[in-house]
Structure formats: C-alpha cells, structure tokens
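Here is what each chain is made of, one letter per residue.
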Amino acid sequence: MSKTAQEFTVGVVQVSALGNQDSNLSSVALQIVEAARLDANVVVLPEYFTCPRGFNDIREYAEPLDGSGRTFSLISSLAQSLGIYIIAGTVPEMENGAYYNTCCLFNRNGDLVGKYRKKYRLNVLGEFLPNETQVAFDVNEPVIFRTEFVDIGIGTGNDIHLPQLALAYAAADSAEETIGCSTIISPWGDCLKSTKDKNEVICEKFCMPDLGAKCKKMHTHIGEQAIGYI
C-alpha cells in the first residue's frame, strides 16, 4: 500500500541468548526499552530470542500465543506501554498438539495483529540453533505488517531464500491496485554467531525515498538480521 513519505526509526535488538529463558526475557525487555528511548517506532527482535543458545528441542520452550504465555504477555505489555510496533523475532509456538517457529507482530496497543510461521525448516543441529525437524511445516499465506510508516512483509530465517515469498510481497493487490509492500524484515537466528556475548540495540532512521540505501547500511551493522526492500 502506498505511504506518504515520513521519517521513522527502526530499532534492531541483538541478544546474546547465553542465559536461561528468564534471563533472556529480562535482557530483551531492557533492550526494547532502550530502543524506545532512542525513538524507535518499530523494534525487531531476533529468531528464538527467548531460548538459550544451543538448545536442542523447541518443544521445551514452546507456549501458546493466545495471551496466556509469558513471552506474549511481556512483549504485548511493552508494545502498549511504550507505544511502539514490535516484530517479535520468533517464539516457539504450540497449537493443537503441533509446534511452530512463529514471528509475532504487535501493534502500538499491544495487540497481536498477525503472525508468520516459518516455512523453511533447519534440519542440521548446530552450535546456536536447534534441529527443526519436529517443527510443523506451515503453508500459510505471506503476512504483511501494515503501519502508518511502511508496509512490511515478514519472513523468518532461511525463508528469505524463497523467491516466491518476495514475489508474493511485491505483487499487486488486485482489490486496491497497489503494491503489497515495499520492505521485508526477516529475523534470523544466525545473528547469534556475530553477536557472541553482546546485547545491543542499533537504531536507524528511514524515509521511503532513501529506504534502499539505509537498509544496506543497517544490514552491514547488524550481521544476519535481514532488512531488505523491494
């Protein structure tokens, strides 16, 4: 959807994920507050931001995304109290006996307005991320996070390698005859490799006319958290 050019700030949170789930959630909360202090309008968290580095089974950390889980409650309350949009990396989700690696989208009121379930599963156990063979494959439609600043297409992890996803996001909306979105944000767990032991917030101001150059600059700084444009 076409947007009137206006400046906005994206804050990208990197977390070391060295501790247990409780300490990781505390670290993430502090970084979100810091991003808001730096005037971020949209805050992006990494893939598996609640889980200890090197965990083997997402089922151990999975929770429902119906408002009863502690990760949902924390991120929702921060989005509402700080008045910001949050793209909540990915959270291990359980629903009806199935498990998903899910990116949650919260608006300024703290409402969950969308979620994207990862399609491209990682099936090799590594130092930082789990084998995802136990994760259900979801063929849900592409998800667009609409804000007053920009319409954002959502991906996660290796889904960024799926060309059909980007094509779907760039496709014309037949009802409104406008582009689907101009930007893709894809939280990626490989950012843990470059983050090491650091917790960090990086903020960058954007405006639609200079979006491309700023995306390239921000990607250079933040390693594997992917922010791109169409």
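Please refer to the structure placed before this passage.
Computed from a prediction, not measured in an experiment: that's the story for all the values here.

## Looking at the packing of aromatic side chains
Phase 1: Scanning the entire structure with this criterion turns up three aromatic pairs.
Phase 2: Each ring, one from Tyr-85 and one from Phe-145, has its centre 5.7 Å from the other, and the planes form 85°; the classification is edge-to-face. Linking Tyr-85 in strand β3 (residues 85-95) with Phe-145 in strand β6 (residues 143-146), this pair joins segments that are 60 residues apart in sequence. In terms of burial, Tyr-85 and Phe-145 fall into one category: buried.
Phase 3: Over the ring of Tyr-100 we find Arg-117; its NZ or CZ atom is 3.7 Å from the centre of that ring.

## As for the sheet that holds strand β11 (residues 200-206)
Phase 1: The mixed open sheet is built from six strands, whose spatial order is β5-β4-β3-β2-β1-β11. Single-partner strands in this sheet number two, and they are β5 (112-117) and β11. Across this sheet, the average inter-strand angle for adjacent strands is 30°, counted without regard to direction.
Phase 2: Pairing of strand β4 (residues 98-106) with β5, which is carried by five bridges, proceeds in the antiparallel orientation. Residue pairing for β5: Phe-106 is matched across the bridge by Leu-112.
Phase 3: Sitting on the sheet, helix α1 (residues 21-37) is in contact with β1 (8-14), β2 (42-44), β3 and β11, with an inclination near 30° to β11.

## Section: unusual backbone geometry
Phase 1: A positive phi angle, near 55°, is found at Tyr-48, a position not held by glycine.
Phase 2: With a relative accessible area of 3%, Tyr-48 lands in the buried category.
Phase 3: One non-glycine residue, Asn-96, lies in positive phi territory at about 50°.
Phase 4: Following the sequence through the fold, Asn-96 ends up in the loop between β3 and β4.
Phase 5: The exposed category is assigned to Asn-96, whose relative accessible area is 79%.

## Some points on the environment of Asp-57
Phase 1: Locating Asp-57 in the fold gives a position in the loop between β2 and α2 (70-82).
Phase 2: For Asp-57, a relative accessible area of 24% puts it in the partly exposed group.
Phase 3: C-alpha separation for the pair Asp-57 and Pro-92, spaced 35 residues apart in sequence, amounts to 9.7 Å.

## Re the nonpolar core
Phase 1: If you look at the biggest cluster of nonpolar residues, it comprises 24 residues, and the most contacted ones within it are Ile-32, Val-43, Leu-45, Phe-49, Ile-75 and Ile-86.
Phase 2: Those elements that provide at least two residues to this core are α1, α2, β3 and β4.
Phase 3: Top element by residues in this core is α1. It accounts for six residues.
Phase 4: Residues Tyr-116, Leu-162, Leu-165 and Ile-185 belong to the second largest nonpolar core, which totals 22 residues.

Reading guide: rules and limits
- Residues numbered from 1 in each chain as written.
- Predicted model: local features only at pLDDT ≥ 70, side-chain atom pairs only at ≥ 80, totals over all residues.
- Heavy atoms only, no water.
- Phe/Tyr/Trp six-rings, centres within 6.5 Å; stacked < 30°, edge-to-face > 60°.
- Helix = DSSP H or I, 4+ residues; strand = E, 2+ residues; numbered from the N terminus.
- Buried < 20%, exposed > 50% of the residue type's maximum accessible area, 1.4 Å probe, protein only.
- Lys NZ or Arg CZ within 6 Å of the ring centre and 35° of its normal.
- Pairing = 2+ DSSP bridges.
- Axes fitted to C-alpha atoms, helices over the stretch in contact; angles between N-to-C directions.
- Contact = heavy atoms within 4.5 Å.
- Core = buried A, V, L, I, M, F, W, Y, C linked by side-chain atoms within 4.5 Å.

These values are about where atoms sit, not about what they do.
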